[in-house]
Amino acid sequence: MSNYRRDRSAGGSWFFTVNLADRRQRLLLDHVDALREAFRYTLRRHPFRIEAIVIMPDHRHAVWTLPAADADYPLRWRLIKTMFTRSLPPEERVRASRRDKGERYVWQRRYWEHRLRDEQDFARHIDYIHNNPLKHGYVSKLADWPWSSFHRYVRHGLLPEDWAGGDDEGDGFGERRVSIAGD
């Protein structure tokens, strides 16, 4: 078995990409309420701050900040994935290798994580998350994608509603930034 090297530093902010096993599915949007409940369940038991998030049909990106003495983001992702999977009817085909381990074929086994190093790294990843629906061609204006923390940033005056996709005067990157401390 592979020994994946993960940064286990307590606290800090992290960027994540988590994918469905079958990238042709739309489970995350088709069952977005179950996904929200899985997040709420996990947050109640193991708090963390969601700095930014976007839910796409087949994957999601997020930036989390963990409590100062805590580095256990794998536990949190395991709970979110498990709770979401349990909410789904068992309709997918399961390979023998997964069935033997009691797994379903909903999620890719691994996910991408990156510890954010500084304010610039933090801001770049927040921008990436918010721009993702536009990048994938789902919308022509980010305000039209309902499953994103972009709307929270607009409500709090951190980003304009036409950021990165409003008019043709540029992409809007860098106009306003959020600090790593969430200020």
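Just above, that's the structure.
What you are looking at is a predicted structure, and each value in this text was computed from that prediction instead of being measured. (Residues numbered from 1 in each chain as written. Predicted model: local features only at pLDDT ≥ 70, side-chain atom pairs only at ≥ 80, totals over all residues. Heavy atoms only, no water.)

Undergrad: Is there a simple way to explain the environment of Trp-147 in this structure?
TA: Positionally, Trp-147 belongs in the loop between α5 (119-135) and α6 (150-155). A sequence separation of 14 residues divides Trp-147 from Pro-133, and the C-alpha atoms of the two residues are 9.2 Å apart. Leaving out residues up to four positions away in the same chain, Trp-147 has contacts with Leu-29, Val-32, Arg-36, Ile-53, Val-54 and Ile-55. (Helix = DSSP H or I, 4+ residues; strand = E, 2+ residues; numbered from the N terminus. Contact = heavy atoms within 4.5 Å.)

Undergrad: Looking at this structure, how should I read the sheet that holds strand β3 (residues 59-65)?
TA: Two strands in a sheet stick together by hydrogen bonds in their backbones, pointing the same way (parallel) or opposite ways (antiparallel). The four strands lie next to each other as β2-β3-β1-β4, forming an open sheet whose pairing is antiparallel. The open sheet has two edge strands with one neighbour each: β2 (49-55) and β4 (112-115). When the angles between neighbouring strand axes are averaged without regard to direction, this sheet yields 10°. Contacts from helix α3 (residues 73-87) reach β1 (13-19), β3 and β4, with the element oriented near 140° to β3. (Pairing = 2+ DSSP bridges. Axes fitted to C-alpha atoms, helices over the stretch in contact; angles between N-to-C directions.)

Undergrad: How do you make sense of the nonpolar core when you look at a structure like this?
TA: Generally speaking, nonpolar side chains in soluble globular proteins are found buried as a group. Core analysis: the largest hydrophobic core is formed by 41 residues, its most contacted members being Phe-39, Trp-64, Tyr-73, Trp-77, Ile-80 and Phe-84. Taken together, the elements giving at least two residues each to this core come down to β1, α1 (27-30), α2 (32-45), β2, β3, α3, α5 and α6. Ignoring anything within four residues of it in the chain, the contact list for Phe-39 reads Phe-48, Ile-50, Ile-53, Arg-60, Trp-64, Trp-77 and Ile-80. (Core = buried A, V, L, I, M, F, W, Y, C linked by side-chain atoms within 4.5 Å. Buried < 20%, exposed > 50% of the residue type's maximum accessible area, 1.4 Å probe, protein only.)

Undergrad: Help me out: how do you make sense of the packing of aromatic side chains in this one?
TA: One pair of aromatic rings is described through two measures. These are the centre distance and the angle between the planes. Tallying each qualifying case throughout the model produces 15 aromatic pairs. Arranged with centres 4.7 Å apart and planes meeting at 45°, the rings of Trp-14 and Tyr-73 form a pair that is tilted. Of the two residues, Trp-14 sits in strand β1 while Tyr-73 sits in helix α3, which places them 59 residues apart along the sequence. For Trp-14, a relative accessible area of 1% translates into the label buried. The buried category is assigned to Tyr-73, whose relative accessible area is 0%. With a centroid separation of 5.4 Å and an interplanar angle of 75°, the aromatic rings of Phe-16 and Trp-77 are classed as edge-to-face. In this pair, Phe-16 is assigned in strand β1 and Trp-77 in helix α3, connecting sequence segments 61 residues apart. Accessibility assignment for this pair places Phe-16 and Trp-77 in one class, buried. (Phe/Tyr/Trp six-rings, centres within 6.5 Å; stacked < 30°, edge-to-face > 60°.)

Undergrad: Could you clarify how one ought to interpret the pattern of salt bridges in this entry?
TA: As a working rule, side chains carrying opposite charge can pair if their charged atoms are close by. This structure, assessed with the given rule, holds 10 salt bridges. Across the pair Arg-26 and Asp-30 runs a salt bridge, and its minimum N-O distance is 3.6 Å. Its relative accessible area of 43% is what places Arg-26 among the partly exposed residues. With a closest N to O distance of 3.3 Å, Arg-36 and Asp-33 form a salt bridge. (Salt bridge = Lys/Arg side-chain N within 4 Å of Asp/Glu carboxyl O.)

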